[in-house]
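# Examining the three-dimensional arrangement
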Amino acid sequence: MSDVSVRAVRVSKWYGKVTALQEVSLHLEPGVWGLLGPNGSGKTTFMRIIAGQMQPNLGEVRVCGVKPFGNVEALRRIGLCPEADAMYDELTGLEFVTAMARLSGYGKSEASDRAAASLSAFGLADAQDRKIGGYSRGMRQRAKLAQCVVHEPDVLLLDEPLTGTDPTSRAVILDQIRQRANAGALVLFSTHVLHEVEALTDQVLLIARGQVVAQGRVHEIRDLLEEHPHHIRVVCDRARELAARVLMTSGIVGVRGLSDHTVEFESVDPDTTYTSIATALAQGAFNVSSITSPDATLEALFHYLVERGSRGAGTGSDAEIGSGMRSAAPTSGAGGPS
Amino acid sequence: MTVRDLGYRAYDGVRLPASRNTYVLLGHAMRRAWGSWLVKIAVFLGWIPLVVYLIKVMFVYWLMSKLEGGRPPPGEAADALGILTDPGESIRNLFNYQVWAFVTLITLGAGSGTIAEDFTHKAFQFYFAKPVTATQYLLARTGATAIFSFMLTFIPALILVLGIVVAADPSLRLQHFGLVLPALFYSLLISSVLSVMAVATSSISKSRALTMSAWIVLLIVPQSIASLVSAIGNVSWFYLASPPALLGLVGDALFKTVDTEHLVRWYHAAPLLIALTAGSIWLANRRVRNAEVIT
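## Quick look at the overall build of chain A
Regarding its fold elements, chain A presents 12 helices and 13 strands. Counting over 338 residues, chain A shows a buried share of 54%. Of the contacts formed within chain A by residues at least 6 apart in sequence, a portion of 68% connects residues at least 24 apart. Carbon together with sulfur atoms contributes 50% to the accessible area of chain A, which is approximately 13500 Å² in total.

## Remarks on the pattern of salt bridges
Opposite charge on two side chains permits them to pair, given that their charged atoms come into close proximity. Residues and elements named next belong to chain A. Under the criterion given, the structure shown has 19 salt bridges over all chains. Glu-110 serves as the salt-bridge partner of Arg-114, at 2.8 Å between the closest nitrogen and oxygen. Of this pair, Arg-114 and Glu-110 both sit in helix H4 (residues 108–121), separated by four residues, roughly a single helical turn. Residue Arg-114 is classed as buried on the basis of its relative accessible area of 16%. With a shortest N-O distance of 2.7 Å, Glu-264 and Arg-233 are connected by a salt bridge. Remark: Arg-233 occurs in strand S10 (residues 230–236) and Glu-264 occurs in strand S12 (residues 262–267); sequence separation between them is 31 residues. According to the relative accessible area criterion, Glu-264 is buried, its value standing at 5%.

## Quick word on the nonpolar core
Counting 63 residues, the largest nonpolar core has Leu-158 and Phe-189 of chain A together with Tyr-127 of chain B as the members making the most contacts within it. Non-local contacts of Leu-158 of chain A, meaning those with residues more than four positions away in its chain, are made with Met-47, Cys-81, Leu-145, Cys-148, Ile-177, Val-187, Leu-188, Phe-189 and Ser-190 of chain A. Grouped together as the second largest cluster of nonpolar side chains are 43 residues, Leu-50, Met-64, Tyr-186 and Ala-269 of chain B included.

## So, the interface of chain A and chain B
On the side of chain B, 39 residues touch chain A, which itself brings 42 residues to the contact. Where chain A abuts chain B, roughly 3600 Å² becomes buried across the two surfaces, and 53% of that area is made up of carbon and sulfur atoms. Per-residue buried area on chain A facing chain B is highest for Gln-53, Tyr-88 and Leu-103 of chain A; these three make up 21% of the total on that side. Where chain A touches chain B, the interface holds one salt bridge. Arg-32 of chain B is the salt-bridge partner of Glu-90 of chain A, the closest N and O atoms lying 2.5 Å from each other. Inspection of the region where chain A meets chain B yields five residue pairs in polar contact (both at pLDDT 80 or more). Sorting the residues of the side of chain A that touches chain B by element identifies helix H2 (72–76), helix H3 (93–103), H4, helix H5 (137–149) and helix H6 (167–182) of chain A as the ones contributing at least two each. A total of five residues in the side of chain A that touches chain B trace back to one element, the largest contributor, which is H3 of chain A. Of the residues contributing to the side of chain A that touches chain B, the split by class is 20 nonpolar, 10 polar and 12 charged.

## Considering the sheet that holds strand S9 (residues 211–217) of chain A
Residues and elements named next belong to chain A. Spatial ordering of the open sheet is given by S5-S6-S7-S3-S8-S9, a layout of six strands whose pairing is mixed. Of all strands in the sheet, those bounded by a partner on one side alone are strand S5 (78–81) and S9. The average undirected angle you get between the axes of adjacent strands in this sheet is 15°. Across three bridges, strand S3 (residues 31–36) lies against strand S8 (residues 203–208) in parallel orientation. Paired with Leu-36 across the two strands is Leu-206, which belongs to S8. In this fold H5 packs onto S5 and strand S6 (155–159), with an angle of close to 170° to the strand it touches most, S5. Along the sheet, H6 makes contact with S3, S6 and strand S7 (186–191), crossing S7 at roughly 150°.

## What about unusual backbone geometry?
If you check the backbone angles, Cys-64 of chain A has positive phi at about 50° while not being a glycine. Mapped onto the fold, Cys-64 of chain A is located in the loop between strand S4 (58–63) and H2. One non-glycine residue, Asn-234 of chain B, adopts positive backbone phi at about 55°. When you line up the elements, Asn-234 of chain B lands in the loop between helix H11 (208–233) and helix H12 (243–254).

## A word on the side chain of Glu-160 of chain A
All names here are of chain A. By secondary structure assignment, the location of Glu-160 is in the loop between S6 and H6. Owing to a relative accessible area of 5%, Glu-160 belongs among the buried residues under this scheme. Not counting residues within four places of it along the chain, the set of residues in contact with Glu-160 comprises Lys-43, Glu-83, Gln-141, Ser-190, Thr-191 and His-192.

## Focus: the sheet that holds strand S11 (residues 252–259) of chain A
Residue and element names in this part refer to chain A. Strand order across the open sheet formed by four strands is S11-S12-S10-S13, with antiparallel pairing between neighbours. On the outer flanks of this sheet lie S11 and strand S13 (288–292), each paired with one strand and no other. With strand direction ignored, the average angle separating the axes of adjacent strands in the sheet is 15°. Bridge analysis of S11 against S12 gives six bridges, and the strand direction is antiparallel. When the sheet's bridge partners are listed, Arg-256 is paired in S12 with Glu-264. Against the sheet, helix H9 (residues 239–246) contacts S10, S11 and S12, and its axis sits at roughly 20° relative to S12. Together, S10, S11, S12 and S13 form the strand contacts of helix H10 (residues 270–284), whose direction differs from that of S10 by roughly 10°.

## Quick look at H4 of chain A
Given 3.6 residues per helical turn, the α-helix brings residues three or four places apart onto the same face. Residue and element names in this part refer to chain A. Over its 14 residues, H4 runs 20 Å from end to end, which matches the ideal 20 Å to within 8%, given 1.5 Å per residue. Within H4 the residues assigned to the buried category are Ala-111, Arg-114, Ala-115, Ser-118 and Leu-119. The arc that holds every buried residue of H4, seen down its axis, measures 130°, which confines them to one face. Facing away from the buried surface of H4 by more than 90 degrees, the exposed residues are Ser-109 and Asp-113. Looking one or two places after H4, you find Gly-123, whose phi comes out positive at around 75°.

## A short note on helix H1 (residues 21–34) of chain B
Taking 1.5 Å of rise per residue, the 14 residues of H1 of chain B would be expected to cover 20 Å, and the 20 Å separating its terminal C-alpha atoms lies within 8% of that figure. Listed as buried for H1 of chain B are Asn-21, Thr-22, Val-24, Leu-25, His-28, Ala-29, Arg-32 and Ala-33 of chain B. Where H1 of chain B is buried, its residues meet H3 of chain A together with helix H2 (37–45), helix H5 (88–111), helix H6 (114–120), helix H7 (124–127) and helix H8 (134–167) of chain B.

## Observations regarding the packing of aromatic side chains
In this structure the tally under the stated criterion is 15 aromatic pairs over all chains. Between Phe-95 of chain B and Phe-255 of chain B the ring centres are 5.6 Å apart and the planes differ by 35°, which places this aromatic pair in the tilted class. Of this pair, Phe-95 of chain B sits in helix H5 while Phe-255 of chain B is found in the loop between H12 and helix H13 (266–289), placing the two residues 160 residues apart along the sequence. Measuring from centroid to centroid gives 5.9 Å for Trp-266 of chain B and Tyr-267 of chain B, while their planes differ by 75°, and the two rings are edge-to-face. By relative accessible area, which is 44% here, Trp-266 of chain B ends up partly exposed. Here Tyr-267 of chain B falls in the partly exposed class, since its relative accessible area comes to 47%. Ring pairing ties together the aromatic residues Phe-119, Phe-124, Tyr-127, Phe-128 and Tyr-137 of chain B, which thus form one cluster. The ring of Phe-286 of chain A has Arg-238 of chain A sitting right over it, with the charged end atom 4.3 Å from the ring centre. Positioned above the aromatic ring of Trp-34 of chain B is the side chain of Lys-40 of chain B, whose terminal nitrogen or guanidinium carbon lies 5.5 Å from the ring centre.

Calculation rules
- Residues numbered from 1 in each chain as written.
- Chains lettered and ligands numbered in written order.
- Predicted model: local features only at pLDDT ≥ 70, side-chain atom pairs only at ≥ 80, totals over all residues.
- Heavy atoms only, no water.
- Helix = DSSP H or I, 4+ residues; strand = E, 2+ residues; numbered from the N terminus.
- Buried < 20%, exposed > 50% of the residue type's maximum accessible area, 1.4 Å probe, protein only.
- Contact = heavy atoms within 4.5 Å.
- Areas by Shrake-Rupley, 256 points an atom, 1.4 Å probe, with all protein chains shown as cover.
- Salt bridge = Lys/Arg side-chain N within 4 Å of Asp/Glu carboxyl O.
- Core = buried A, V, L, I, M, F, W, Y, C linked by side-chain atoms within 4.5 Å.
- Buried area = accessible area lost by both parts, 1.4 Å probe.
- Polar contact = N/O pair within 3.5 Å; in protein donor to acceptor, adjacent residues only side chain to side chain.
- Nonpolar A, V, L, I, M, F, W, Y, C, P; charged D, E, K, R; others polar.
- Pairing = 2+ DSSP bridges.
- Axes fitted to C-alpha atoms, helices over the stretch in contact; angles between N-to-C directions.
- Expected span 1.5 Å × (residues − 1).
- Arc of directions from axis to C-beta.
- Phe/Tyr/Trp six-rings, centres within 6.5 Å; stacked < 30°, edge-to-face > 60°.
- Lys NZ or Arg CZ within 6 Å of the ring centre and 35° of its normal.

Take a look at the structure:
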């Protein structure tokens, strides 16, 4: 079996008349990848197809070079942490993880040792003999993750692993994800809590309405969106006066006063606008507190792309731009752990 | 340079074959089945009919040793003492008690809620992320119920046959020992058919209470209606709607205890049992494969 990778080629999946995934193509290499998308965007379906639990209606998925569906060797290289918080409450954490380890092909004692080590890695050593029914939400989440990594998979598929976790659990989980990615594993991490992805990686896949609307590093994706109006927020002592000075600059398509001291410019030519702002600030001797771009955050990018994906829905100019991004992304997005 | 944590390395040791997962799942299913108090009750109380029959065997043995020539008297007394001379009916009756009193509890506690429970726990997403197939899963779930059912049918029957063989006239011992074979076949039939049907019933809904109720209805209602119709109108065809009655008809043929008043025979029941079992397998398989994660 070949090196650690996930490759999807024009993958589509539908449930009756509902299209869950639409011609998703991508290539992932070791490292942490954030899979971002709103509810119902196809994240879980995509994860399950990669995990070999579903077959796509069209297209092909290969994990480590082979199709995962019904493939024992592929399944042994995959660890899935499903989203749903549901487990056998009457089992202890150790029993549950041991059972999962045994299904991964380990003998009884090896499975038990691995389960104990895995639970310990996620901070559940003291609770491993307690029934799962008595676990807190964060502990259950960590038990799910422990079963996911107990067989040391090369490809980790984590479907919203931080849902309902407290800060302590979150720190433990993120640390474990980092460790595994740094050791050469491929981690696909779905969430809609964007700052969690930013804390782990800048490699993201944005999925909306069953389509991967962008793949790559945040700044690379930003570069692909030249037509996206760029926002520049300036906090200074005379915000209105600054707005008046910059307003007539070419590229400015909107100005918004957020408060007496804050003004936000919307530009389709950010380079020129930045220069104009700097010139105006210098000439007017403004007292500047900050110049920032809200677009630099993943949140803004995500909302923009999701909104655009919703508007486009596979037709018109947006769709063309979207397909351009998708085809451009694989060459720029693949890379090692960040 | 990327820092690599040496605490994690991909496992390159021996992995057991994926086919072994059937046994792993079976063990897990057995432990889960044992967690049901209905199963525990059945396993602990399931020996009472056997004890009663063994006492009867011992009593008859003692009585016949007192009789002249060691042979039963003619007429009605012979029927009462026939457990040693014609034991087929006694063993057939023992099966009847075991099925209605204990196998019913086993299938109810271990089989009729099992897939519904896994639906509720969303267990498929864990199982099928491992090298586990739907067939392995169903084999294990059905197997656990079947093993408990088999234990409570064949073992008591075997012990009773052996008790009868020991107590019977030496000239009849070999003939009586031959009952082990129909007892084995009948136990396998009961345990496999009822387990498959119970597990299939458990797949019809995500509500364990509903699937267990459905199983009770399936066992009791057709049998009750058939008994009523048979008693009032002397029509026995309604028994063909009752799975335990279908099994009973086959049992009657195996132990040569056919009720000549009834028109329905084992050859009417056998095709229906085959159809019910095949239909149950199809239903359970379809439901599991159509569960959210396996397509």
